[in-house]
Amino acid sequence: MMKIRSLDAYQIFDSRGNPTVECAVGVEAGLVGYGRVPCGASTGQFEALELRDNDPTRYRGKSVFAAINHITDTIARAVVGREVCDQDAIDASLIELDGTENKSRLGANAILAVSLAVADAGAKTKGCALFEHLGSGKGSLLPLPGVQIVGGGAHAHRRLDIQDFLLVANCARSYEEALEVTHNVYRTAAELLSQRGLVAGVADEGGYWPQFAGNEAALEFIVEAIRVAGYAPGKDCSISLDFAASNLFDGRCYRLDADNRRLSSEQFIDFIVDWCRRYPIISIEDPLADDDWVAWRQLGNKLRRHVQIVGDDLFTTNVRRIQRGIEDGVANAVLIKPNQIGTVSETLAAIEMTKNCGWQPIISARSGETEDAFIAHLAVATNAGQIKVGSFSRGERMSKWNELIRIGRVLGERGRFRGARVFDSLSPLYRKI
Ligand code: 2PG
Ligand code: MG
C-alpha cells in the first residue's frame, strides 16, 4: 500500500505544438507517475470538455493554465494522501468533485491527466508494467493495427473530405508482421506519389496528404499501393475508413466538397454501400453524423453483418451512448479514446460494455498526441484486439507502435495475436456481387 504524496501539473505541448496538460503524481519511496493528455481536431459534440483558457494573449487562446490550477489546487486537496492503487475510488472522487455531466468545471483534460498519472504511479509502486496493472494481469493480446496511409478532413485542411484512409494487414500472423506489411505499403505509397509528383506533405497523423482529384482517387491509390507492394487487396490487406462524417453534415446533407457532391443521408448510405462492394473495405468509422441516429440504424441494418461499423463521435467512449447504440443496433464496434470521457475507470467501463455485447473495441489515439504510450498498454490490458494510432511516421505515432513491441517482449510466450480473426463474423461485400 502506497499513498500519493504530491501532485504537480504543468503545460507541455502536443504533436501540433499546442499546449496540453501533464500531471506528475508522486508517491512514497520517490516514485513518480505521469499522465499526458492528447487532443482531437475532429471532436465529437458529446465529448467531455477540454478546458482551454481562451485568452487571446496566451498561446492564441489555447493555453491550459486554468486546468492546471484545478489540479494543483482543488484536485490535489482531494487526492493527496489517497492509496495510489485505488484507481476506481480516486476516479469516482474526481467525477464527484467536478459534478458536471461533461466535466466542464475542472476540465476533462485536468481530470484525465490525474487519472492517467495515478494509473502510471500505481504500476510503478507494484513494480509491474502498466498493462499488467491496468488489466490485473489478464491482458495478453497484442492488437491488430489500423494504420493511416492517407489523411484528409480536419487533419489536412480538408483537401479530401474523408479523414482517415487506413491499412489493415489481414495476412499478418504476428504484431511485428503487421508492422512489416504496413511499412512496405506505406513506403510504396510514398514512392508512387513522388514518381507522380503528387506528394504535398503529411497530414496531422503522418499519413500522406496528396493532390488527388477526389475522395475515390485516394481509395484507388491505396488499392494500387497494396498491389505494388506485393499484397492481394481484400485478402492480404484491407482498407479501413474514418469518414468523421459529423464534419461532412450540414444538418441536411453530407457534403463531399472534393467531389463536388451533396448527398442526403439515404444517398450517402447508398454511396458507402457501393464503395464497400467495389473496394476491399473492412471497417468504416463514423460513416454518419453523431446525431443522425435514424440514418445510423438504416446503415446498421444494411452493413453490420458485412463490415465493421465503428462509432467514434457517435459514442464518445460514453457508456450511456454505447448502450443506446447497442439497443438500436447501429454499429458493431466502438472507438475508445480516454480523453473523450475523462477517466481511466470510465474508459475501462466503456471497453467492458462493448465487449460484453460482442462488439469490438478499438483503442485510439487523437490527432494531437504526445509521446505518451498509455493507449498501447490499454489495448493489451483489455485484450481489445485492435488499435488505431495514425500513420507509420512521426515520433508521437511511433512511440505507440514501438511500445507494443516492448510489451510483446515482456509478455514473451504469454503474448497472443488474433490479427484479422477479429473480423471472422463478417462477410465482406467486396467481390461478392
Ligand atoms: C478520429 C481521430 C483520430 P481526432 O477521428 O478517430 O484519427 O481524430 O483526434 O481529430 O478526433
Ligand atoms: Mg474518428
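Attention in this report is confined to the structure presented alongside it. If you're wondering where the values come from, they're calculated on a predicted model, not measured in any experiment.

1. Observations regarding the sheet that holds strand 3 (residues 32–36)
To summarise the sheet geometry, strands pair through backbone hydrogen bonds and adopt either a parallel or an antiparallel arrangement. Read from one edge to the other, the open sheet built from three strands follows the order 1-2-3, with strand pairing classed as antiparallel. The strands lining the two open edges of the sheet, one partner per strand, are strand 1 (4–13) and strand 3. Direction aside, the axes of adjacent strands within the sheet are offset by 20 degrees on average. Where strand 1 meets strand 2 (residues 19–27), nine bridges bridge the pair, whose relative direction is antiparallel.

2. Quick look at helix 8 (residues 293–303)
The set of residues buried in helix 8 consists of Trp 293, Ala 295, Trp 296, Leu 299, Gly 300 and Leu 303. Projected down its long axis, helix 8 shows its buried positions confined to an angular sector of 150 degrees, all on one face. Its buried side turned inward, helix 8 meets helix 7 (265–278), strand 10 (281–285), strand 11 (308–311) and helix 9 (319–328).

3. So, the nonpolar core
Judged by nonpolar contacts, the single largest core of 131 residues is most densely connected at Ile 71, Ile 75, Phe 268, Ile 284, Leu 303 and Trp 401. Tallying contributions element by element places helix 3 (residues 108–126) first for this core, with 11 residues. Split by domain, this core shows at least three residues from each of two domains, domain 1 (4–127) and domain 2 (141–423). With near-sequence residues (within four places) excluded, Leu 303 lies in contact with Ile 272, Val 273, Cys 276, Ile 284, Ile 309 and Leu 429.

4. Quick look at the packing of helix 7 against helix 8
Across the interface, helix 7 lies against helix 8 with an axial gap of 10 Å and an inter-helix angle of 25 degrees. In terms of axis orientation, helix 7 runs roughly parallel to helix 8. Crossing of helix 7 over helix 8 shows right-handed handedness. Residues Ser 265, Glu 266, Ile 269, Asp 270, Ile 272, Val 273 and Cys 276 of helix 7 lie in contact with helix 8, whose contacting residues are Ala 295, Gln 298, Leu 299, Lys 302 and Leu 303. Residue composition of the contact of helix 7 with helix 8, grouped by class: seven nonpolar, two polar and three charged.

5. Section: the pairing of strand 10
Among the five residues of strand 10, five are classified as buried, and the element is accordingly described as predominantly covered. With four bridges connecting them, strand 7 (residues 238–242) and strand 10 associate as parallel partners. Residue pairing in the sheet places Ile 239 in a bridge with Ile 281 of strand 10. Here three bridges tie strand 10 to strand 11, and the two strands are oriented parallel to one another.

6. Some points on the pattern of salt bridges
One pass over the structure, following the stated rule, counts 29 salt bridges. Arg 255 is the salt-bridge partner of Asp 257, the closest N and O atoms lying 2.6 Å from each other. Looking at Asp 257, the relative accessible area reads 41%, which means it is partly exposed. Judged by its relative accessible area of 26%, Arg 255 is partly exposed. Between Glu 369 and Lys 400 there is a salt bridge; the shortest N-O distance is 2.8 Å.

Thresholds, definitions, all that
Residues numbered from 1 in each chain as written. Chains lettered and ligands numbered in written order. Predicted model: local features only at pLDDT ≥ 70, side-chain atom pairs only at ≥ 80, totals over all residues. Heavy atoms only, no water. Pairing = 2+ DSSP bridges. Helix = DSSP H or I, 4+ residues; strand = E, 2+ residues; numbered from the N terminus. Axes fitted to C-alpha atoms, helices over the stretch in contact; angles between N-to-C directions. Buried < 20%, exposed > 50% of the residue type's maximum accessible area, 1.4 Å probe, protein only. Arc of directions from axis to C-beta. Contact = heavy atoms within 4.5 Å. Core = buried A, V, L, I, M, F, W, Y, C linked by side-chain atoms within 4.5 Å. Domains from an automatic or database assignment. Parallel < 35°, antiparallel > 145°, perpendicular 65-115°, else oblique. Left-handed = near helix turned anticlockwise from the far one by under 90°. Nonpolar A, V, L, I, M, F, W, Y, C, P; charged D, E, K, R; others polar. Salt bridge = Lys/Arg side-chain N within 4 Å of Asp/Glu carboxyl O.

Purely geometric stuff here, so don't read any function into it on its own.
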